[in-house]
Amino acid sequence: MPKRDFSQDTKITQLGRNPSDNHGVVNPPVYHASTILFDSVEEMEARAAVKFDKGTINYGRQGTPTIFSLENAAAELEGGFGAFCVSSGLGAITTAILSFVESGDHILVTDSVYAPTRLFCNDVLTRMGVETTYYDPLIGSDIEGLIQPNTRLIFTEAPGSHTFEMQDIPAISKAAHDKGALVIMDNTWATALYCKSFDLGVDISVHAGTKYVVGHSDAMLGLIITTEEYYQKVKETTFHLGQCSGPDDVYLAQRGLRTMAVRLKQHQQSTIQIAKWLQTRSEVSRVLHPALPEDPGHNIWQRDMTGSTGLFSFILNPTPKAAINAMVNDLDLYGIGYSWGGYESLILPSNPSSIRTATKWDAEGPLLRLHIGLEDPDDLIRDLEAGFARMSSR
Ligand SMILES: *Cc1c(COP(=O)(O)O)cnc(C)c1O
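In the nomenclature of an unreviewed UniProt entry, the protein is known as Cystathionine beta-lyase of Kiloniella antarctica. Taken directly from UniProt, the Cofactor (unreviewed entry) text for the protein runs: "pyridoxal 5'-phosphate".

In structure tokens form, the structure reads like this:
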């Protein structure tokens, strides 16, 4: 049976490893390396000449078999040509953008973007003389009207951080390509398993591997996955920026990857159960989750993705801050903290209106973001129920 015929749940257990190269050991070895020794000056020179080719081993920063193993698995799973492991999800985003912009360029970034991406554009890109225009995440093909002659790229993220709007990525990609711009997608939420970004027209996909790939809240990692057309440019920029990742963190990501399909199934199922329960609560005005049929992004989600994961938000009816804090502070199973994608549940109060510039966020009440972990969903519901009781008694 040719390997490409396996389902992706099977592939995720196979990709990027080859035990027969390694005494039969199941998992790839963890190479700790800076210096790579060459047999001769001639060999050193030959490898330097191909240092930007895929798989060249030249110096620790530029990759080892441990790193290539994860890069190859990530690229193949999503349908890209090649991938790069970098220091963090944010490092993947900034490296991808910096691969393509120069002074005088313009980029378009969704107003629902992960907030540190915005801070990078507003600070570093502004200092470089690259202008950013934020656009309505729901813009679809109308993005065409915002593309200028110097627009180099369009940055997308679906669903949006904290607010979970779905973007019409195929329509945006078409408009971008018609005018010579390229498309980057932050695909962290759906992962390569539930969103084949390249099939939607995306040129570069970026991930916080920190989230579901690592899956256990114990390592930071970014992944950049590209088409063949853009591989070389990103490889060079990754080199110039000194981007790399530590071997032990890469190993944790490889280990996480093997169980990602089965973990995501549970995250998905528990999250839908809890989201539906929240829809029945009188304290809750709206649940923001594209896999719910009532969600405005549901049709796009159904068209473009094959599953949903554990992160979503809900909007409370108007509630005083002290009452929200009484709920959140004493939850037993939801930690208060940044990041997500681990086995544990998290809760985070958030105020999108303080971040946006292109669109107005004037929801009817405060927003809480949840990450649903791998605990029993009935326990998670009981914990929230007790929290709502504390909230109401304030
Ligand atoms: C967390 C996150 C990032 C950043 O990843 P880090 O590894 O924390 O730098 C980027 N995009 C999205 C959507 C995220 O949730």
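Peer 1: It is not clear to me how the overall build of the protein should be interpreted in this structure. Could you clarify?
Peer 2: Helix and strand counts for the protein come out as twelve helices and twelve strands. Computed over its C-alpha atoms, the radius of gyration of the protein comes to 22 Å, within 12% of the 21 Å expected for a compact globule of 394 residues. In terms of overall dimensions, the protein has C-alpha extents of about 75 × 55 × 40 Å along its principal axes. For the protein, the residues scored as buried account for 55% of the 394 residues in total. Intrachain contacts of the protein at a sequence separation of at least 6 include 74% that bridge at least 24 residues. Per element, the accessible surface of the protein, about 16900 Å² overall, is 52% carbon and sulfur.

Peer 1: What am I meant to see in the sheet that holds strand β3 (residues 131–135) here?
Peer 2: Sheet strands line up and pair through hydrogen bonds in the backbone, either parallel or antiparallel. Spatially, the seven strands line up as an open sheet ordered β1-β7-β6-β5-β4-β2-β3, and their pairing is mixed. Each end of this open sheet is capped by a strand with a single partner; those strands are β1 (82–86) and β3. Across this sheet, the average inter-strand angle for adjacent strands is 20 degrees, counted without regard to direction. Pairing between strand β5 (residues 182–186) and strand β6 (residues 204–208): three bridges, direction parallel. Note on β6: the bridge partner recorded for D186 is V206. In the packing of helix α3 (residues 65–78) onto the sheet, contacts are made with β1, β6 and β7 (222–226), and the angle to β1 comes to roughly 130 degrees.

Peer 1: Honestly, unusual backbone geometry in this entry has me stumped. Any pointers?
Peer 2: A negative phi holds for most residues other than glycine; trans holds for most peptide bonds. Along the chain, A158 connects to P159 via a cis peptide bond; the corresponding omega equals -10 degrees. Counting through the fold element by element, P159 comes out in the loop between β4 (151–157) and α6 (169–178). The backbone phi angle of F164 is positive, close to 65 degrees, even though this residue is not glycine. Within the secondary structure layout, F164 lies in the loop between β4 and α6. Look at F164 and you get buried, because its relative accessible area is 2%. Despite not being glycine, S217 has its phi angle at roughly 60 degrees, a positive value. With respect to the helices and strands, the residue S217 is situated in the loop between β6 and β7.

Peer 1: Explain the pattern of salt bridges here, please?
Peer 2: Opposite charge on two side chains makes pairing possible when the charged atoms of those side chains draw close. Within the structure shown, the criterion is met by twelve salt bridges. Note that R47 is salt-bridged to E43, the shortest N-O span being 2.3 Å. Here the residue R47 and the residue E43 both occupy positions in helix α2 (residues 41–49), the gap between them amounting to four residues, near one helical turn. Overall, R47 belongs to the partly exposed group, its relative accessible area being 22%. The partly exposed category is assigned to E43, whose relative accessible area is 23%. The partner of D178 in a salt bridge is K174, with the nearest N and O atoms 2.8 Å apart. Of the two residues, D178 and K174 both sit in helix α6, four residues apart, roughly one turn of that helix. Take D178: its relative accessible area is 55%, and that puts it in the exposed class. What emerges from the salt-bridge pattern is a single network uniting D168, R303 and D304.

Peer 1: Got a minute to help me understand the site of the ligand in this structure?
Peer 2: As a matter of local geometry, the ligand sits amid 13 residues, with G89, L90, D186, T210 and K211 nearest to it. A distance of 2.8 Å separates an oxygen atom of the ligand from a polar backbone atom of L90. K211 has a polar side-chain atom sitting 2.7 Å from an oxygen atom of the ligand. Here the ligand loses 92% of its free accessible area of 380 Å² to cover by the protein chains. Of the residues forming the shell around the ligand, the biggest block, three residues, is contributed by helix α4 (residues 89–98). The residue makeup of the shell around the ligand, split by class, is six nonpolar, four polar and three charged.

Peer 1: I would appreciate a short explanation of the sheet that holds strand β9 (residues 311–316) in the present structure.
Peer 2: The strand order β8-β9-β12-β11-β10 describes an open sheet built from five strands, whose pairing is mixed. Two strands lie at the open edges of the sheet, namely β8 (284–288) and β10 (334–336), each paired on one side alone. When the angles between neighbouring strand axes are averaged without regard to direction, this sheet yields 30 degrees. Judged from the three bridges that link them, β10 and strand β11 (residues 345–350) form a sheet pairing that is parallel. Along β11, the bridge assignment pairs I336 with I347.

Peer 1: Please clarify how the environment of V86 should be interpreted in this entry.
Peer 2: With respect to the helices and strands, V86 occurs in strand β1. Separated by 158 residues in sequence, V86 and C244 have C-alpha atoms that sit 4.6 Å apart. Every residue in contact with V86, bar those within four places of it in the chain, is listed here: G91, A92, L221, G222, L223, I224, T238, Q243, C244 and S245.

Rules used throughout
Residues numbered from 1 in each chain as written. Predicted model: local features only at pLDDT ≥ 70, side-chain atom pairs only at ≥ 80, totals over all residues. Heavy atoms only, no water. UniProt positions renumbered as here; feature names shortened; annotations may be inferred. Helix = DSSP H or I, 4+ residues; strand = E, 2+ residues; numbered from the N terminus. Rg over C-alpha atoms; globule rule 2.2 N^0.38 Å. Buried < 20%, exposed > 50% of the residue type's maximum accessible area, 1.4 Å probe, protein only. Contact = heavy atoms within 4.5 Å. Areas by Shrake-Rupley, 256 points an atom, 1.4 Å probe, with all protein chains shown as cover. Pairing = 2+ DSSP bridges. Axes fitted to C-alpha atoms, helices over the stretch in contact; angles between N-to-C directions. Salt bridge = Lys/Arg side-chain N within 4 Å of Asp/Glu carboxyl O. Near = heavy atom within 4 Å. Polar contact = N/O pair within 3.5 Å; in protein donor to acceptor, adjacent residues only side chain to side chain. Nonpolar A, V, L, I, M, F, W, Y, C, P; charged D, E, K, R; others polar.

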